[in-house]
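Listed below, chain by chain, are the residues.
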Amino acid sequence: LYSKDETLRISSAKHFSKLARDEGSVFRGMFFKYPKTFELLFPALKDENLKVVRDIIITLGCAYNRYFKDPRVEKELYKFYNHSNKEILTSAINWTSGIRKDETYDYIFSLLQNKQTAQVLEAICEHFGPKTSKEIKRKALPILIECLERKLGKSTTSKVITKIILIIDEDNIELFNNKISLNSDPELKELFIK
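Scoring rules and cut-offs
Residues numbered from 1 in each chain as written. Predicted model: local features only at pLDDT ≥ 70, side-chain atom pairs only at ≥ 80, totals over all residues. Heavy atoms only, no water. Helix = DSSP H or I, 4+ residues; strand = E, 2+ residues; numbered from the N terminus. Buried < 20%, exposed > 50% of the residue type's maximum accessible area, 1.4 Å probe, protein only. Contact = heavy atoms within 4.5 Å. Areas by Shrake-Rupley, 256 points an atom, 1.4 Å probe, with all protein chains shown as cover. Lys, Arg positive; Asp, Glu negative; His and termini not counted. Charge placed at Lys NZ, Arg CZ, Asp CG, Glu CD. Patch = residues over 30% accessible without salt bridge, like charges linked within 9 Å, V, L, I, M, F, W, Y side chains within 5 Å. Salt bridge = Lys/Arg side-chain N within 4 Å of Asp/Glu carboxyl O. Polar contact = N/O pair within 3.5 Å; in protein donor to acceptor, adjacent residues only side chain to side chain.

### Description of the overall build of the protein
For the protein, the count of helices and strands is 12 helices and 0 strands. Secondary structure of the protein in N-to-C order comes out as α-α-α-α-α-α-α-α-α-α-α-α. With the principal axes as the frame, the protein shows a C-alpha extent of 60 × 30 × 30 Å. Buried positions account for 47% of the 194 residues belonging to the protein. Nonlocal contacts in the protein, meaning residues at least 24 apart in sequence, comprise 64% of its contacts between residues at least 6 apart. Accessible area of the protein: about 11,100 Å², with a carbon and sulfur share of 51%. Charged side chains in the protein number 33 positive and 27 negative. The centres of these two groups are separated by 3 Å.

### Here's the deal with the environment of N65
For N65, the location among the structural elements is in helix α4 (residues 50-66). Residue N65 is classed as partly exposed on the basis of its relative accessible area, which comes to 28%. Residue contacts for N65: discarding those within four places in its chain leaves W95, G98 and I99.

### Describing a negative patch on the surface
A cluster of acidic residues, D102, E103, D106 and E135, forms a negative patch on the protein surface. Of the residues forming the negative patch, the biggest block, 3 residues, is contributed by helix α7 (residues 102-112). Mapped onto the fold, E135 is located in helix α9 (residues 134-147).

### Description of the side chain of K163
Its location among the elements puts K163 in helix α10 (residues 154-167). E126 provides the closest opposite charge to the buried, unpaired K163, separated from it by 4.1 Å. Here F128 takes part through its backbone oxygen, which lies 3.0 Å from a polar atom of the side chain of K163. Ignoring anything within four residues of it in the chain, the contact list for K163 reads C125, E126, F128 and L144.

### Examining the side chain of S97
With respect to the helices and strands, S97 occurs in the loop between α6 (86-94) and α7. For S97, a relative accessible area of 17% puts it in the buried group. A distance of 2.8 Å separates the side chain of S97 from the backbone oxygen of N94, its partner in a polar contact. The contacts of S97, once residues within four sequence positions are left out, are E126 and H127.

Geometric descriptors of this kind do not, in isolation, establish any biological role.
Here is the structure:
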């Protein structure tokens, strides 16, 4: 992973990523439950090749979600929420979606203040669901509704609508009704029905 040979670094990072995601391997759990593993992987996040960085983000995020909730992973992956490369940014957002902490949502809402690409917006949507806290749901609902005013592709629109439906509950249904009028927009109403 730290070879001078760039091709070797890329293939090593890919290997770690595959190992973290491979549900069929009996060894992965032992490997990723060991804190020293994370310490060995963190420096690779500074690699000049973004393919290495992307695969290490995936490795750390997956290992955090499945095997060992090392708080250092959160800290390291949050650093990529400001990354200019959309693929790296999207990877960081995707692979921190299992971190259900207020700090994560600070980063998420900060991103939502600006118009994001469809890919980034879809990744952001993964952070919201039925288990999201009431406070976060209430804050997210009007922002996600506003996203529907943009010209989005079918996939992104569908993802946003799905997340809106998943976060509606008795505490925010009135907010939903005040923010959106499905009767005045038959096309949007049809999408919600689907």
